[in-house]
Amino acid sequence: MTGCQHGINAGAWALGALDGREAAAFEEHLRTCAQCQAEVARLRAPADAMALATEQVAPPAALKDRIMRTVESEAQLLRAAGPEADRPQPARARRRFLRTGPVAALAAATLAVGIIVGVLAAPGGESTRTVRAQVTMAGATATVHVSGDRARLEVRGMRNPPPGHVYEVWIQRGKRPPQPAGALFTVLHGRGEVEVGSVKGVDRVMVTSEPAGGSAAPTSSPVITAAV
Amino acid sequence: MLSRVNPDRPVAALHDLADEDLMQLVRKGDNAAFEVVYDRHSTAAYSLAYRMVGSRNSAEDVVQEAFLSLWRSGARYDRGRGSVRTWVLGIVHNRAIDVLRRSLVHDRRRASDEGIEERFEARERTDVEAARNDEARELQAALKTLPDEQCRVIELAYFGGFSHSEIAELLETPIGTVKGRMRLGLEKMRGQLGGLAEAWT
């Protein structure tokens, strides 16, 4: 244990139980206090190990099927892109590619080959409602189909974003900053379809044009906005 | 360079690879390698999510989001900072906390009326299939050796996503005491786990 007076925070910090401001203050303190660094290093392992300190239950097979359907279709697009996906990229784009992995490659692949990203595993039996979105691009339409908690976005008459860019989907809850939905897409003959994922508690689904590979926060104003 | 997935490669060979090596393949878009990672960690991930969010549907959403984010951002995994399992479960934990914070905002207001601690204690699980995991058993046993008051604050913080001040309010205990119990409890867990705890660093 540490003799530092801030050491009392180490356990709460390792458990993620400090309030935002307090956590920031403790992290600032950690930069310079060797005693607290050592304490945190000690307590982090048992805190992380808590993840397994609960009864183990098997996930349903349908969950794996759903996840693997998405993964396999994305992997297939990557493979279909073939040599294009291997094409050397400018240094800046390359770094982004390395950081974001398959999605970035997928986006690049899609631009090269011109196919639609986003394959939806439609959940059966649930009622679907359709929301018409506002689109800033003349002649384009966008609809969001919501089944249960999940949503799918469909666009028609859209032009592709500028070269080196993709469309990125965002979800927004209340007035909080938009979060990436983890979905990038481009369009073919004006059409595109993409799985937005869970929209539980989500108020708005938006689309912006972002540099290939996507962004962590929107860097342009929305082309599509849908109140879900 | 992106590597092609080799259709002739026996899947069995993937099962011999360490997680860290599988992640190298995953970041290149290898879906078969991803499937092995999923098979290895999905039970722990689902169990954690289920314990935290308390419903099968929400737990499935959490696990799906976590694994798709792993698939799409595998390059963010840094082996210098811990095992793949710790990383995966960390993503699941964060997603589940998001779900809790969204859905419990109102519940928390009346938490003390309803004895919210019970919500995060082991639930009756008649709707899910139990799975065996010796390491999980060992960790559950280690947690049980803690004095109740230490166990409770750690469970409320980790599984319930409560902050120390919320816990202090729930348990009508001073904040300093709550922090102290967290630290002592983790310290004791560490002692109980011995080498196992080291494996998590």
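From a predicted model like this one, the values you see are computed outputs, not experimental measurements. (Residues numbered from 1 in each chain as written. Chains lettered and ligands numbered in written order. Predicted model: local features only at pLDDT ≥ 70, side-chain atom pairs only at ≥ 80, totals over all residues.)

Novice: Help me understand the overall build of chain B in this model?
Specialist: Regarding its fold elements, chain B presents 13 helices and one strand. Counting from the amino terminus, chain B carries its helices and strands in the arrangement α-α-α-α-α-α-α-α-β-α-α-α-α-α. Out of the 201 residues belonging to chain B, those deemed buried represent 44%. The contacts of chain B with a sequence gap of at least 6 include a subset with a gap of at least 24, amounting to 67%. (Helix = DSSP H or I, 4+ residues; strand = E, 2+ residues; numbered from the N terminus. Buried ≥ 20, exposed ≤ 12 C-beta atoms within 10 Å, placed from the backbone. Contact = placed C-beta atoms within 7 Å.)

Novice: Could you clarify how one ought to interpret the nonpolar core in this entry?
Specialist: Within soluble globular proteins, side chains that are nonpolar tend to cluster in buried spots. If you look at the biggest cluster of nonpolar residues, it comprises 77 residues, and the most contacted ones within it are Ala45, Ala49, Val63, Val92 and Ala157 of chain B. The element that contributes the greatest number of residues to this core is helix α3 (residues 31-53) of chain B, accounting for 12 residues. What Val92 of chain B contacts, discounting residues up to four positions off in sequence, is Ala45, Leu48, Ala49, Val62, Val63 and Ala66 of chain B. Grouped together as the second largest cluster of nonpolar side chains are 30 residues, Ala133, Met158, Tyr167 and Val207 of chain A included. (Core = buried A, V, L, I, M, F, W, Y, C linked by C-beta atoms within 7 Å.)

Novice: Looking at this structure, how should I read the sheet that holds strand β10 (residues 224-227) of chain A?
Specialist: Neighbouring strands of a sheet are bound in pairs by backbone hydrogen bonds; such pairs are parallel or else antiparallel. In space, the five strands of this open sheet follow the order β3-β10-β9-β6-β7 (chain A), with antiparallel pairing throughout. If you trace the sheet from one side to the other, it starts and ends with β3 (134-135) and β7 (179-185) of chain A, each paired once. (Pairing = 2+ DSSP bridges.)

Novice: Is there a simple way to explain the sheet that holds strand β2 (residues 128-132) of chain A in this structure?
Specialist: All names here are of chain A. In space, the four strands of this open sheet follow the order β2-β4-β5-β8, with antiparallel pairing throughout. Strands at the two margins of the open sheet, each flanked by one partner only, are β2 and β8 (192-198). Taking the axes of each pair of neighbouring strands and ignoring which way they run, one obtains an average angle of 20° across the sheet. (Axes fitted to C-alpha atoms, helices over the stretch in contact; angles between N-to-C directions.)

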